Structure formats: structure tokens, C-alpha cells
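The lines below spell out each chain.
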Amino acid sequence: MAKVQSHFRCTECGWTTPKWAGRCAECQSWGTIVDVTDAPATRGVRPVAVSEARVAKSIVTISADEVAHWPSGIAEFDRVLGGGIVPGATILLSGEPGVGKSTLLLEVASKAAARGMRVLYVTAEESVSQVRLRAQRTGALQPELFLAAEVDLATILGQIDQVQPNLLIVDSVQTVSSSLTDGLAGGPAQVREVASTLIRVSKDRNLPVLLVGHVTKDGSIAGPRLLEHLVDVVCQFEGDRQTALRFIRSTKNRFGPTDEVGCFEMTGDGIAEVADPSGLFLSRGKVAVSGTCVTIAVEGRRSLPVEVQALIVKTSAPNPRRVTNGVDSSRVAMLLAVLERRAGMKLSESDVYVSTVGGIRLTEPGADLAIALAIASAYSDRAFPGTLAAIGEISLAGEVRPVSQAKQRIAEARRLGFSTVVDAESSHLREAMRKAFASALTEQTDVPAF
């Protein structure tokens, strides 16, 4: 009889080792090495008879009507999901603490229950009375919405058998544990067991499941990476606590695109959709102010006008300050070097502050030209007109390069009333700056020479 061999495997990446180790040598994760006992080599997996109901079928004979999207009642959420929730799908929604994950899913549960669907909302972090208070505040009280405060996986499965829901929401997957698996709730083994069991129930019953996921301090989803592979859709709920604006992005979607963005606003009565966020990232002032420039950013398939503001203050300090908010600090430092070298601006003796309006974060290179023009406006203390928008990437040579979806951005700028668009047609930064300042009204400012 063959001897049974023991080895150790990492639950995160699958790396194996003959000896136990506290840290995986492949993915550098701590506490993920478990003992795995191999079956004897002489034993093999024997085939089993497949029932007629589960026998493989030709793909052309399978109907797709059973997996059609049904709307959740929140258009911005459906936009990210690709049209709505698919029966039998497992959706993971992650985000920072306090960003509004539970509020959003409670709103989804209320909309579904209002259409006559039976919804089971399992809260493992709050009591049912706490959830009821939030539902009362947000107007989410519905007779077909059932609440259960459970942390044991077996009890949750019993609740599913008892309620027979059409939609299941679990808040959150990291706080549920199974008695059949060792370890505390939130550990890699527990998260894997809980997620795989709920996914199996979802597929067997054609039951859509929404899972709330915690994130670590670096923004990644807590638990094993396997969790993101098991679910069908992974959504990230993002937002700054200092602002009411929230975004939902999908990083994985088996039933739709992954380049859509949903926009929401947190209010005292819950979470509200923002169907047209075009005015959220622009200042309210009617008088043109120096140091401002508008760009058209693309979030998913949506074009958004974003105002960039810059402020330059002379300083005698040996190391001038470079403070940014909503833009990449290294990108701003590169643009300052290009402006000083290619446009002749003496910025090394000034403090430079660059920020966006409304709390949005610009990460794409298409905002380079707007940032550079805002700095140039603050440097010369001359304002651009409110009808100017800038779109383009700036190279180290000072060239203005075209960006993706340029036609879509220009069309959106025209629709919003920006009559002058400075883009890659201005081949160099100096030419773009001359065009921008020339568009200003002569009674407001003179065109500076660069």
C-alpha cells in the first residue's frame, strides 16, 4: 500500500513546501500555510454516473432566458452591473468603512421587495433593530424584506430554507463563519468556505446573492484572493468621507462591461442617484478667476467636466511646497518641470498648490493640459473664460499628445457650452497656452507672451 505523504500548501496562491512556514515564499502572505495530506498514489478518482438532468448539453440548445438581467431599481447600479442583476449570480461589493455599502444594498433590497420579490437581508455586523432604524430613515420599509442577524453559516442556510427568498444579501462575508472549518471569522479558510457555500447555493437555486466585502488599509479586498475568482461580479464602492459623492466601479463582471461607473450622493435620507454629474465638479463662481481650467475626464463610458484649480505663492524657503489634492503629485511635479524648462516659467521659487473641485480624483494623463494651463493662469494672474476646456497629454518635450476617446470628450464639451476646446491640435505647450489666453476677452486681460 502506498505511503501517505504530507506537505503544506498556501491557501492564497497554492505554493507548496515539505515543511511548515509562517510566511508564504511566493505571495509573502502570513498565516496561510496549511497542512495538506495527499491521497496514496494508487488511489484515483473514479468516475460516477451522471444523471440525465445534469448531462452535458450542446450550447446551442441552452436557453439564455433564465439568465436575463432584471433591474434592481437603481439605474446607476444597473449601469455598472451591465443592465441589472442576473439570477444565480454572486456579486461582491467592497469599500472603505462608512462609505455607504450597507445603505446602498438596503436600498436595493427595498426596491426589489417593493416589486413583490422576497428579499432576505442577513446582517452579521448589526442587530435587526439597528437595520430597521436605518431602513426607517431611508424609507426602505417593505413587508417582503426579511431581516436576520446571524453569524453562523449553517443558520443562514436554514434561514434561506425557511424564507425562500428571491434575493439574498449578506453583510458581510468576512464576519460569517462555519463550524466545519477551523479558524476565526475573516480568516482565509473561513472566507473561502463561506463564499464557496453561498455560491453553490446561489447556483443550485438560481438565487442572486449580494455579498459585502471588507477592504484592507491599502484598499484591496480582505481575505484570500480566491474570493474574487469565485464570485461573478466584483464592485468597488469609492468615495471621500469629506464629500457626499460616491462612485461604483466594477473590476470584474461576467455579465457585462467593466468600464462603467455609477455616481451617487450620500444624503441625510440615504443614498441618491446622480444621473448627470456634469455640474458637481465645477465651481459656482460667475466671475472668472485666475488659476482655474476645465478638462473633460472620462470615467468608464461617461464624460465628466472637472475643474482644476492652481495657486502659486512666492516663498523664500529653500524647498518650495508642492501640495496636491485630487491629482497625482508626481504628475504635477513633472508638469512643473516641463513648464519651467519649455515655457520659461520660474516656478522653483514659489509654492504650488493644485486641487480639483468636488473631491474627484484625476488619474488619467488627459488632464495634463488643464493642469498646466491652470498653473500658467495662476502664474500670470490672468483668468481664462468660462467657455474654455483643455484636453491633452503633455510629454517631457512639451508636446501636446492626443488622448483616448477625444471625439467623445469634445462632443461633451460642446454640449455643456464650452465653445473653445484646446487639445492636441496645438502641437506644443506654448501654442496651447497662446490659444488659451487668446480666447480670453480683451477687456478682461491681455494675452501674455510665453
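The sections below set out a description of the structure shown in this document. Treat the numbers as computed from the prediction; the structure is a model and nothing was measured.

**Details of the overall build of the chain**
At step 1: On a plain count of helices and strands, the chain comes out with ten helices and 20 strands.
At step 2: Burial statistics for the chain: of 450 residues in total, 45% are counted as buried.
At step 3: Long-range contacts, defined as pairs at least 24 residues apart, comprise 67% of the intrachain contacts of the chain with a sequence gap of at least 6.
At step 4: Surface summary for the chain: the accessible area is close to 22500 Å², and the carbon and sulfur share equals 51%.
At step 5: In the chain, 48 side chains carry a positive charge and 49 a negative one; their mean positions are 3 Å apart.

**Examining the sheet that holds strand β4 (residues 90-95)**
At step 1: Reading across the sheet, the nine strands line up as β6-β5-β7-β8-β4-β9-β10-β11-β12 and stay open at both edges, with mixed pairing between neighbours. Of all the strands in the sheet, the pair left with one neighbour each is β6 (145-149) and β12 (270-273). Going across the sheet, the axis of each strand differs from the next one's by a mean of 25 degrees, ignoring polarity.
At step 2: One ladder, built from seven bridges, connects strand β9 (residues 233-239) with strand β10 (residues 245-253); its direction is antiparallel.

**Let's talk about the packing of helix α4 (residues 153-163) against helix α5 (residues 188-205)**
At step 1: It is the contact of α4 with α5, at a shortest axis distance of 11 Å, that shows an interaxial angle of 15 degrees. It follows from the interaxial angle that α4 and α5 lie roughly parallel. Crossing hand, α4 versus α5: right-handed. On the side of α4, the interface is formed by Leu153, Leu157, Ile160 and Asp161, while α5 contributes Glu193, Val194, Thr197, Leu198, Val201 and Arg205.
At step 2: Classifying every residue of the contact of α4 with α5 gives six nonpolar, one polar and three charged.

**Some thoughts on the nonpolar core**
Soluble globular proteins tend to pack their nonpolar side chains together in the buried interior.
At step 1: Grouped together as the largest cluster of nonpolar side chains are 47 residues, with contacts concentrated most on Leu339, Val354, Leu369, Ile371 and Ile375.
At step 2: Setting aside its immediate chain neighbours within four residues, Ile375 contacts Ala310, Ile312, Leu336, Leu339, Leu347 and Val354.
At step 3: Ile91, Leu93, Val108 and Leu145 belong to the second-largest nonpolar core, a separate cluster that totals 33 residues.

**As for helix α2 (residues 101-114)**
At step 1: Look at α2: 20 Å from first C-alpha to last across 14 residues, which is about the 20 Å you get at 1.5 Å a residue.
At step 2: In terms of residue burial, α2 counts as a mostly covered element, since twelve of its 14 residues are buried.
At step 3: Taken from the residues just after α2, Gly116 is the one with a positive phi, measuring 95 degrees.

**Here we look at the pattern of salt bridges**
At step 1: Tallied over the entire structure, the rule returns 15 salt bridges.
At step 2: Here Arg225 ties to Glu228 by a salt bridge, and the two come within 3.3 Å at their closest N and O atoms.
At step 3: Since its relative accessible area comes to 48%, Arg225 is described here as partly exposed.
At step 4: Residue Arg409 pairs with Glu364 through a salt bridge whose shortest N-O separation is 2.8 Å. With Arg409 in helix α9 (residues 406-415) and Glu364 in the loop between β16 (350-356) and α8 (368-380), this pair connects stretches of sequence that are 45 residues apart.
At step 5: Residue classification places Arg409 among the buried residues on the basis of a relative accessible area of 1%.
At step 6: Among the ionic contacts, a cluster of salt bridges with common partners joins Glu76, Arg79, Glu260 and Arg302.

**Concerning helix α3 (residues 128-138)**
At step 1: For α3, every residue scored as buried is listed here: Val131, Arg134, Ala135 and Thr138. Buried residues in α3, looked at end-on, bunch into an arc of 100 degrees, giving them a common side.
At step 2: In the core, the buried residues of α3 are packed alongside α2, β5 (119-123), β6 and β12.
At step 3: Following α3 by one or two positions, Gly139 has its phi on the positive side, about 70 degrees.

**Some thoughts on the side chain of Glu150**
At step 1: Residue position: Glu150 is located in the loop between β6 and α4.
At step 2: Arg205 provides the closest opposite charge to the buried, unpaired Glu150, separated from it by 15 Å.
At step 3: Within the structure, Glu150 has its side chain in polar contact with the side chain of Gln159 (distance 3.3 Å).
At step 4: Beyond its immediate chain neighbours, meaning those up to four positions away, Glu150 contacts Val122, Thr123, Ala124, Thr155, Ile156 and Gln159.

**Things to note about the packing of aromatic side chains**
At step 1: According to the stated counting rule, one finds three aromatic pairs in the structure shown.
At step 2: Both rings, one in Phe237 and one in Phe264, keep their centres 6.2 Å apart while their planes meet at 90 degrees; by these two values the pair is edge-to-face. Of this pair, Phe237 sits in strand β9 while Phe264 sits in strand β11 (residues 261-267), placing them 27 residues apart in sequence. By the burial criterion, Phe237 is buried, and Phe264 matches it.
At step 3: Seen from their ring centres, Phe384 and Phe437 are 4.8 Å apart, and the 50 degrees between their planes marks the pair as tilted. Pair noted here: Phe384 is in the loop between α8 and β17 (388-390) and Phe437 is in helix α10 (residues 429-438), with a separation of 53 residues, a long-range link. Each of the two residues, Phe384 as well as Phe437, counts as buried.
At step 4: The cationic tip of Arg249 hangs over the ring face of Phe247; the distance from NZ or CZ to the ring centre is 5.4 Å.

The rules we used
- Residues numbered from 1 in each chain as written.
- Predicted model: local features only at pLDDT ≥ 70, side-chain atom pairs only at ≥ 80, totals over all residues.
- Heavy atoms only, no water.
- Helix = DSSP H or I, 4+ residues; strand = E, 2+ residues; numbered from the N terminus.
- Buried < 20%, exposed > 50% of the residue type's maximum accessible area, 1.4 Å probe, protein only.
- Contact = heavy atoms within 4.5 Å.
- Areas by Shrake-Rupley, 256 points an atom, 1.4 Å probe, with all protein chains shown as cover.
- Lys, Arg positive; Asp, Glu negative; His and termini not counted.
- Charge placed at Lys NZ, Arg CZ, Asp CG, Glu CD.
- Pairing = 2+ DSSP bridges.
- Axes fitted to C-alpha atoms, helices over the stretch in contact; angles between N-to-C directions.
- Parallel < 35°, antiparallel > 145°, perpendicular 65-115°, else oblique.
- Left-handed = near helix turned anticlockwise from the far one by under 90°.
- Nonpolar A, V, L, I, M, F, W, Y, C, P; charged D, E, K, R; others polar.
- Core = buried A, V, L, I, M, F, W, Y, C linked by side-chain atoms within 4.5 Å.
- Expected span 1.5 Å × (residues − 1).
- Salt bridge = Lys/Arg side-chain N within 4 Å of Asp/Glu carboxyl O.
- Arc of directions from axis to C-beta.
- Polar contact = N/O pair within 3.5 Å; in protein donor to acceptor, adjacent residues only side chain to side chain.
- Phe/Tyr/Trp six-rings, centres within 6.5 Å; stacked < 30°, edge-to-face > 60°.
- Lys NZ or Arg CZ within 6 Å of the ring centre and 35° of its normal.

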